[in-house]
Amino acid sequence: MESQQQDMRSLGERFEQFVTDVIYDRAPDSPAARALGRFLRVLSVLFKRVVALRFFLYRNRILRDTPLGCKVVVVGNLTVGGTGKTPVVEKMARVMASHGRKVAILSRGYKSKKEPLWRRIARWFNLVQRPLPRVVSDGKNVLVGADVAGDEPYMLARNLVSCGVCVVVDRDRVYAGEYAIRRFGVDVIILDDGMQYLPLRGSINLLLVDKTNPFGNGLMLPRGILREPVDHLTRGSYIFLTKSDGKNTQPLIDKIHSYNKDVEIIECTHQPKRLCAVFGDLPDIELEEMKDRRVATFSGIATPDKFEEFVRRYGARIAYNRRFSDHHRFTEKDLDEVFSGAVRANVEFIVTTEKDMVRLSRDLKPPLPIYYLRLEIEILSAHDSFESAVTRICS
């Protein structure tokens, strides 16, 4: 029975990966890919109309957004996939906390532990009380793990607990924000991945655009990667051009300015810093020390090619690589396969991403050292820094 369940899970993941490849236009040309693409394009047209209706209802105050009475910084994008929101949110929270602000990050907790169905039904009929928002960090301690909180909220809580930043998870982020203000006395709220969360009124919209794949094929979900039309670039108070190398960006900047004429565009890059040990008290590995070393890599993120490129950039030779679907929950069988492949490839150690690291069990006994690649945000401008940008934006 367990073997059948694993086979079904594997089949489901292969289909999910196939659909993802069609959406990103990276699937090999085949009758199946073309047929799925045509079907998804019909759904894309329907989705675009639903999005337009939703914005119309909020724009005309038929549906109303709620202010929280404090500064609300919305960080988000127009697309699905990895634009690098989490490092930007972390850096922003760290800078504002260093300026004496009491900061809370609100997240919906994608793939976090859900409330049981029976309880949701009972709450619908007012038979049980609404549960309080899930506190991942109270600014002093990390209170729950990634399986309960979700990957990004747990990672943010883990990295920011020393700064006194609270992390709160709830699908209703108005409710979560009110709770954070009441319980922790916060005066700044960062709404993580919040551009499409219209019930909460933001003070500032920080819109992230991935320079390496800004708008995909220009189509809406589920045929393309757009959550909103490209002309919604007008919603950005500031635009962060992420994953930039500072080269050949003018055509993209011109396109953004054609929709949002006077918006300030801040170019930034996700810069690898070092390899940090996942288990034990092994010392960090500096990036320069990776040169000519045989390594294995595995990841379950939206854009694994960028992670693998980072590893190769510093001279490491990837002798074994395994990709999983985005936010994949690693089973014992998955990790056994990774470890067996790494051992057969005769590598020195295994490298994964920070987001994947938080989904690894603390009880794991790997046959080889495992490290995660630590990334940080840097502004690509000689006259500016992330700190000064945040100060200017939020003052």
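One structure accompanies this document, and this report is about it.

Rules and cut-offs
Residues numbered from 1 in each chain as written. Predicted model: local features only at pLDDT ≥ 70, side-chain atom pairs only at ≥ 80, totals over all residues. Heavy atoms only, no water. Helix = DSSP H or I, 4+ residues; strand = E, 2+ residues; numbered from the N terminus. Expected span 1.5 Å × (residues − 1). Buried < 20%, exposed > 50% of the residue type's maximum accessible area, 1.4 Å probe, protein only. Arc of directions from axis to C-beta. Contact = heavy atoms within 4.5 Å. Lys, Arg positive; Asp, Glu negative; His and termini not counted. Salt bridge = Lys/Arg side-chain N within 4 Å of Asp/Glu carboxyl O. 1 Å grid on protein atoms, 1.4 Å probe; cavity = no way out; pocket = protein on both sides within 12 Å on 5 of 7 lines; lining within 4 Å. Points joined across faces, edges and corners; volume = space filled by probe spheres on them. Nonpolar A, V, L, I, M, F, W, Y, C, P; charged D, E, K, R; others polar. Core = buried A, V, L, I, M, F, W, Y, C linked by side-chain atoms within 4.5 Å. Patch = residues over 30% accessible without salt bridge, like charges linked within 9 Å, V, L, I, M, F, W, Y side chains within 5 Å. Areas by Shrake-Rupley, 256 points an atom, 1.4 Å probe, with all protein chains shown as cover. Pairing = 2+ DSSP bridges. Phe/Tyr/Trp six-rings, centres within 6.5 Å; stacked < 30°, edge-to-face > 60°. Lys NZ or Arg CZ within 6 Å of the ring centre and 35° of its normal.

1. Points about helix α10 (residues 332-344)
Here comes step 1: Across its 13 residues, α10 extends 18 Å between first and last C-alpha, which sits within 8% of the 18 Å expected from 1.5 Å per residue.
Here comes step 2: Looking only at α10, the buried set comprises Asp334, Leu335, Val338, Phe339, Gly341 and Ala342. Buried residues of α10 fall within an arc of 165° about the axis and therefore sit on the same side. Exposed residues pointing more than 90 degrees away from the buried face of α10 are listed as Glu332 and Arg344.
Here comes step 3: Where α10 is buried, its residues touch β10 (294-299), β11 (317-323), β12 (349-353) and β13 (370-379).
Here comes step 4: One or two positions beyond α10, positive phi appears at Asn346, with a value near 60°.

2. A few points about the side chain of Lys85
Here comes step 1: When you line up the elements, Lys85 lands in helix α3 (residues 85-98).
Here comes step 2: For the buried residue Lys85, which engages in no salt bridge, the nearest side chain bearing the opposite charge is Asp193, 4.0 Å off.

3. So, empty space enclosed by the protein
Here comes step 1: What the rule picks out here adds up to 1 cavity of 30 Å³ or more.
Here comes step 2: Approximately 30 Å³ is the volume found for the largest cavity.
Here comes step 3: Every residue lining the largest cavity is listed: Asn77, Leu78, Thr79, Leu208, Val209, Pro214 and Phe215.
Here comes step 4: By residue class, the composition of the lining of the largest cavity is 5 nonpolar, 2 polar and no charged.

4. So, the pattern of salt bridges
A side chain of one charge can pair with a side chain of the opposite charge if their charged atoms are brought near each other.
Here comes step 1: Scanning all chains against the criterion turns up 25 salt bridges.
Here comes step 2: The partner of Lys211 in a salt bridge is Asp245, with the nearest N and O atoms 2.9 Å apart. With Lys211 in the loop between β6 (204-210) and β7 (238-242) and Asp245 in the loop between β7 and α8 (250-259), this residue pair connects regions lying 34 residues apart in the sequence.
Here comes step 3: By relative accessible area, Asp245 is classed as partly exposed at 47%.
Here comes step 4: Among the charged side chains, a salt-bridge network with shared partners connects Glu90, Arg94, Glu354, Arg374 and Glu376.

5. Concerning the nonpolar core
Here comes step 1: In this structure, Val75, Ile105, Ile190, Leu206, Phe298 and Ile350 are the most contacted members of the largest nonpolar core, which totals 57 residues.
Here comes step 2: In contact with Ile190, not counting residues within four places along its chain, are Val73, Val75, Val89, Met92, Ala93, Met96, Val103, Ala104, Ile105 and Leu106.
Here comes step 3: Val174, Phe184, Val186 and Leu200 belong to the second-largest nonpolar core, a separate cluster that totals 39 residues.

6. Some words on the environment of Tyr175
Here comes step 1: Assignment of secondary structure puts Tyr175 in helix α7 (residues 173-184).
Here comes step 2: Its relative accessible area of 16% is what places Tyr175 among the buried residues.
Here comes step 3: For the pair Tyr175 and Arg14, spaced 161 residues apart in sequence, the C-alpha separation works out to 37 Å.
Here comes step 4: Sequence-distant contacts of Tyr175, that is, excluding residues within four places in its chain, are made with Arg130, Pro131, Leu132, Pro133 and Asp170.

7. Focus: a nonpolar patch on the surface
Here comes step 1: Taken together, the side chains of Phe39, Val42, Leu43 and Leu46 make up a nonpolar region of the molecular surface, amounting to roughly 360 Å² of accessible area.
Here comes step 2: With respect to the helices and strands, the residue Leu46 is situated in helix α2 (residues 31-59).
Here comes step 3: Of the residues examined, Leu46 reaches a relative accessible area of 46% and is grouped as partly exposed.

8. Observations regarding the pairing of β6
Here comes step 1: Within β6, 7 of the 7 residues are buried, leaving the element largely enclosed by the surrounding structure.
Here comes step 2: Of the two faces of β6, the one carrying Ile204, Leu206, Leu208 and Asp210 and the one carrying Asn205, Leu207 and Val209 are both buried.
Here comes step 3: Taken together, the 5 bridges between strand β1 (residues 71-77) and β6 define a ladder with parallel strand orientation. Each residue of the ladder has a partner; that of Asn77, found in β6, is Leu208.

9. So, unusual backbone geometry
Here comes step 1: Residue Pro222 is reached from Leu221 by a cis peptide bond, and omega for that bond is 0°.
Here comes step 2: Relative to the elements of secondary structure, Pro222 occurs in the loop between β6 and β7.
Here comes step 3: Unusually for a residue other than glycine, Lys243 sits at a positive phi of about 55°.
Here comes step 4: Mapping Lys243 onto the fold places it in the loop between β7 and α8.

10. A short note on the packing of aromatic side chains
Here comes step 1: Throughout the structure, instances matching the rule amount to 3 aromatic pairs.
Here comes step 2: On the basis of an interplanar angle of 80° and a centroid distance of 5.4 Å, the ring pair of Phe298 and Phe330 is categorised as edge-to-face. Of this pair, Phe298 sits in strand β10 while Phe330 sits in the loop between β11 and α10, placing them 32 residues apart in sequence.
Here comes step 3: Classification of Phe330 by relative accessible area gives buried; the value is 13%.
Here comes step 4: Ring centres 5.3 Å apart and planes at 70° place the aromatic pair Phe349 and Tyr371 in the edge-to-face group. Of this pair, Phe349 sits in strand β12 while Tyr371 sits in strand β13, and the two are 22 residues apart along the sequence.
Here comes step 5: Joined through ring pairs, the aromatic side chains of Phe298, Phe324 and Phe330 make up one cluster.
Here comes step 6: Seen from the ring of Tyr24, Arg26 lies directly overhead, with NZ or CZ sitting 4.6 Å from the centre.

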